[in-house]
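The primary structure of each chain is shown beneath.
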Amino acid sequence: MAQHMTPDEFRENGYAVVDWLASYLENVEEYPVLPEVEPGDIAALMPDHAPEAPEHFSDLLTDLDRVVMPGITHWQSPNWYAYFPANTSPPSILAEFVSAGLGVQGMLWSTSPAATEIETKVLDWLVDMLGLPSGWKSDGPGGGVIQMSASDSTHAVLVVARERARYKANAQDMVVYVSNQAHSSVEKGCTVAGIGHCRRLDVDDDFALDPFVLEHTIDADIADGLTPIAVISAIGTTATTAVDPVEAVGTIAASHGLWHHVDAAYAGTAMICEEFRVYQPGLDLVDSYTFNPHKWMMVNFDCNVLWVADREPLIDTMSILPPYLRNEASDTGAVVDYRDWHVPLGRRFRALKLWWVIRSYGVEGLRDFVREHVRLADELAFRVEADDRFELVAPHPFALVCFRHVGGNDATRALADALNATGRVAVTPSQIDDEWFIRVSIGQTYTEQRHVDALWDLVDELA
Ligand code: PLP
């Protein structure tokens, strides 16, 4: 017979886990940010076969320190400047714990009404919080849904765009447009959707999509007998946080009947602050928009939001109703069934952590959080610019600073490697065309002035 923890054992072990996590977060900045392990080191610490007999929970906790921690990359360190942040926060962790405990499947309204209704309500809040078009709220023609990742959302809307254009052409003759700085999820989405062509367009000096190039490429493709179906604008590209001209792209998209999707995976969080909304004009001409609370908004992975301006094409594409999913509430049409809003059927109660984070910090607290990171990034960029040894490689509209050593690629790569080898920080070396640069992404939950000062001291010392 399986041996379950008794309620008292669950309490005791649960408190021990919370204590362990609280100590981790309290001391996370003491760890070398990047793990010092070789491939296979962690696996070698585990037995080759699963245990036949039950093990005591205290042994599992011991192995957190012995087996897991040596191989952890400390994304929650305040000295984390690599990639983009993947923040968590205490209210988010606790909500995740509760969500696991409730263990509900929110695929239909009827399979857990609270999971659906809280999600709908919180995503409506976010429309106002981010200054998005009010028609994207649940009482308008549009609506929002939580999905696993920005990639999933982009893949899903490309399938919708394909289905919408089905009557015009074969998928193999369809074309999707994107800047050559766009995230790889667009190309992958074209593969997933079976779309024949993904055009990665040349960008301007600020690494943003050039509307003239877009227009000319569309015209040339039409002349070649192809069928343009969608264009994706980025607000904050992965390499440099470049911002595509959403309004101009939207006008071109509308004139050719293309689906216009916006990928604001990282920078969407900044829109909580009104001053950043200058980077998202023209949203009225957008068909779908995605952003990751799981990057910069302190909601732990996974939590990505997709909004559509009109929910009908999405639901028409994703809805399949086998008899075992039929139920009275859905049949009345009075409820939202989120399984019809994405590819998977099952879905976790992710709205709880979004709700708890927004309530715990308040919108004002979230604004302060974003503004402080942007201030720290501006200050770092100022230091870089004032130093003859370095140069900025791109504008820094948000909290990512991209710079290189004037000594060239070797000096730049050597500096990035030296920074990461200290264990005191993690940065990402990156490349556009033939030029290497260092990305410093400021945005971890606990990053403060003293951390960025220490980073700059290290850069100064190692350059
Ligand atoms: N889009 C952009 C602009 C990104 O920067 C990223 C990841 O960094 C993604 C999409 C992919 O995000 P996800 O991991 O949620 O799929």
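In the block above lies the structure referred to throughout.
Note that the structure is a prediction, hence the values are computed from the model and not measured.

1. Details of the overall build of the protein chain
Reasoning step 1: If you tally the helices and strands in the protein chain, you get 14 helices and 11 strands.
Reasoning step 2: Taken against the 2.2 N^0.38 rule, which gives 23 Å for 463 residues, the C-alpha radius of gyration of the protein chain at 24 Å falls within 12% of a compact globule.
Reasoning step 3: Summarising its shape, the C-alpha atoms of the protein chain cover approximately 70 × 65 × 45 Å along the three principal directions.
Reasoning step 4: Counting only residues that meet the buried cut, the protein chain has 49% of its 463 residues in that class.
Reasoning step 5: For the protein chain, the proportion of contacts with a sequence separation of at least 24, taken over those separated by at least 6, is 73%.
Reasoning step 6: Across the protein chain, 31 positive and 69 negative side-chain charges occur, with their mean positions spaced 5 Å apart.

2. Looking at the site of the ligand
Reasoning step 1: All residues in the neighbourhood of the ligand are listed as Phe84, Ser149, Ala150, Ser151, His183, Gly236, Thr238, Asp263, Ala265, Asn292, His294 and Lys295.
Reasoning step 2: One of the side-chain N or O atoms of His294 is found 3.2 Å from an oxygen atom in the ligand.
Reasoning step 3: Against a free-state accessible area of 400 Å², the protein chains account for coverage of 85% of the ligand.
Reasoning step 4: Secondary-structure elements contributing two or more residues to the shell around the ligand are α5 (150–164) and α9 (293–296).
Reasoning step 5: Of the residues assigned to the shell around the ligand, the class counts are three nonpolar, seven polar and two charged.

3. Looking at the pairing of strand β10 (residues 428–432)
Reasoning step 1: Only one face of β10 is covered, namely the face carrying Thr428, Ser430 and Ile432; the face carrying Pro429 and Gln431 is uncovered.
Reasoning step 2: Bridge count for β10 against strand β11 (residues 435–441) is five bridges, and the pairing is antiparallel. Bridge assignment links Gln431 to a residue of β11, and that residue is Trp436.
Reasoning step 3: Counting the residues between successive antiparallel strands, the hairpin from β10 to β11 contains two residues, one of them, Asp433, with a positive phi of roughly 55°.

4. Some remarks on a nonpolar patch on the surface
Reasoning step 1: Nonpolar side chains collect at one region of the surface, where Met5, Phe10, Val18, Leu94 and Phe97 lie side by side and expose about 450 Å² of accessible area between them.
Reasoning step 2: Of all the secondary-structure elements, those providing two or more residues to the nonpolar patch are α1 (7–27) and α3 (90–102).
Reasoning step 3: In this fold, Met5 is placed in the segment before α1.

5. A few points about the sheet that holds strand β6 (residues 288–291)
Reasoning step 1: On the basis of which strands lie adjacent, the open sheet formed by seven strands has the order β1-β7-β6-β5-β4-β2-β3 and mixed pairing. Bordering the open sheet on either side are β1 (143–147) and β3 (197–201), each of which pairs with just one other strand. Strand after strand, the sheet turns through a mean of 20° between neighbouring axes, direction not considered.
Reasoning step 2: The pairing of strand β4 (residues 227–234) with strand β5 (residues 259–263) spans five bridges and is parallel. Across the sheet, the residue bridging to Ala234 is Asp263, located in β5.

6. Quick look at the sheet that holds strand β9 (residues 400–405)
Reasoning step 1: Ordered in space as β8-β9-β11-β10, the four strands form an open sheet in which the pairing is antiparallel. Each edge of the sheet is formed by a strand with only one pairing partner; in this case those strands are β8 (390–392) and β10. Between one strand axis and the next, the sheet turns through 40° on average, direction left out of account.
Reasoning step 2: Set on the sheet, helix α13 (residues 409–421) makes contact with β8, β9, β10 and β11; between it and β11 the angle comes to about 30°.

7. A look at the pattern of salt bridges
Reasoning step 1: Under the definition given, this model contains 24 salt bridges.
Reasoning step 2: When the shortest N-O distance is used, the salt bridge between Arg66 and Asp63 registers 2.9 Å. Here Asp63 and Arg66 lie together in helix α2 (residues 57–68), a separation of three residues that amounts to about one turn.
Reasoning step 3: On the basis of relative accessible area, Arg66 is assigned to the partly exposed category, the value being 41%.
Reasoning step 4: Residue classification places Asp63 among the partly exposed residues on the basis of a relative accessible area of 27%.
Reasoning step 5: Here Lys353 makes a salt bridge to Glu96, at a shortest N to O gap of 3.0 Å. Highlighted residues: Lys353 in helix α12 (residues 351–385) and Glu96 in helix α3, separated in sequence by 257 residues.

8. A word on the packing of helix α7 (residues 211–223) against helix α8 (residues 246–256)
Reasoning step 1: Running from N to C, α7 and α8 point in directions that differ by 20°, and their axes come no closer than 9 Å. Compared by their axis directions, α7 and α8 come out roughly parallel. Our pair here, α7 against α8, has a crossing hand that is right-handed. The segment α7 lies against α8, with Pro211, Leu214, Glu215, Ile218, Asp219 and Ile222 engaging Ala248, Val249, Ile252 and His256.

9. With respect to α7
Reasoning step 1: With 13 residues, α7 should cover 18 Å at 1.5 Å per step; its first-to-last C-alpha distance of 18 Å lies within 8% of that length.
Reasoning step 2: The N-terminus of α7 is capped by Asp210, whose side-chain oxygen sits 2.9 Å from the backbone nitrogen of Phe212.
Reasoning step 3: Once α7 finishes, Gly225 follows within two positions and takes phi at roughly 85°, a positive value.

10. A closer look at the nonpolar core
What tends to happen in soluble globular proteins is that the nonpolar side chains get buried as a cluster.
Reasoning step 1: Grouped together as the largest cluster of nonpolar side chains are 78 residues, with contacts concentrated most on Leu126, Tyr289, Trp307 and Leu354.
Reasoning step 2: With 14 residues, the single largest contributor to this core is α12.
Reasoning step 3: Among all residues touching Trp307, those that are not within four sequence positions of it are Leu123, Leu126, Val127, Leu130, Leu132, Trp136, Gly143, Gly144, Asp287, Ser288, Tyr289 and Phe291.

11. A look at the environment of Trp436
Reasoning step 1: Topologically, Trp436 is positioned in strand β11.
Reasoning step 2: Distance in space between the C-alpha atoms of Trp436 and Pro322 is 52 Å, their sequence separation being 114 residues.
Reasoning step 3: Residues within four places of Trp436 in sequence aside, it is in contact with Arg404, Asn409, Thr412, Arg413, Pro429, Ser430 and Gln431.

Conventions and cut-offs
- Residues numbered from 1 in each chain as written.
- Predicted model: local features only at pLDDT ≥ 70, side-chain atom pairs only at ≥ 80, totals over all residues.
- Heavy atoms only, no water.
- Helix = DSSP H or I, 4+ residues; strand = E, 2+ residues; numbered from the N terminus.
- Rg over C-alpha atoms; globule rule 2.2 N^0.38 Å.
- Buried < 20%, exposed > 50% of the residue type's maximum accessible area, 1.4 Å probe, protein only.
- Contact = heavy atoms within 4.5 Å.
- Lys, Arg positive; Asp, Glu negative; His and termini not counted.
- Charge placed at Lys NZ, Arg CZ, Asp CG, Glu CD.
- Near = heavy atom within 4 Å.
- Polar contact = N/O pair within 3.5 Å; in protein donor to acceptor, adjacent residues only side chain to side chain.
- Areas by Shrake-Rupley, 256 points an atom, 1.4 Å probe, with all protein chains shown as cover.
- Nonpolar A, V, L, I, M, F, W, Y, C, P; charged D, E, K, R; others polar.
- Pairing = 2+ DSSP bridges.
- Patch = residues over 30% accessible without salt bridge, like charges linked within 9 Å, V, L, I, M, F, W, Y side chains within 5 Å.
- Salt bridge = Lys/Arg side-chain N within 4 Å of Asp/Glu carboxyl O.
- Axes fitted to C-alpha atoms, helices over the stretch in contact; angles between N-to-C directions.
- Parallel < 35°, antiparallel > 145°, perpendicular 65-115°, else oblique.
- Left-handed = near helix turned anticlockwise from the far one by under 90°.
- Expected span 1.5 Å × (residues − 1).
- Core = buried A, V, L, I, M, F, W, Y, C linked by side-chain atoms within 4.5 Å.

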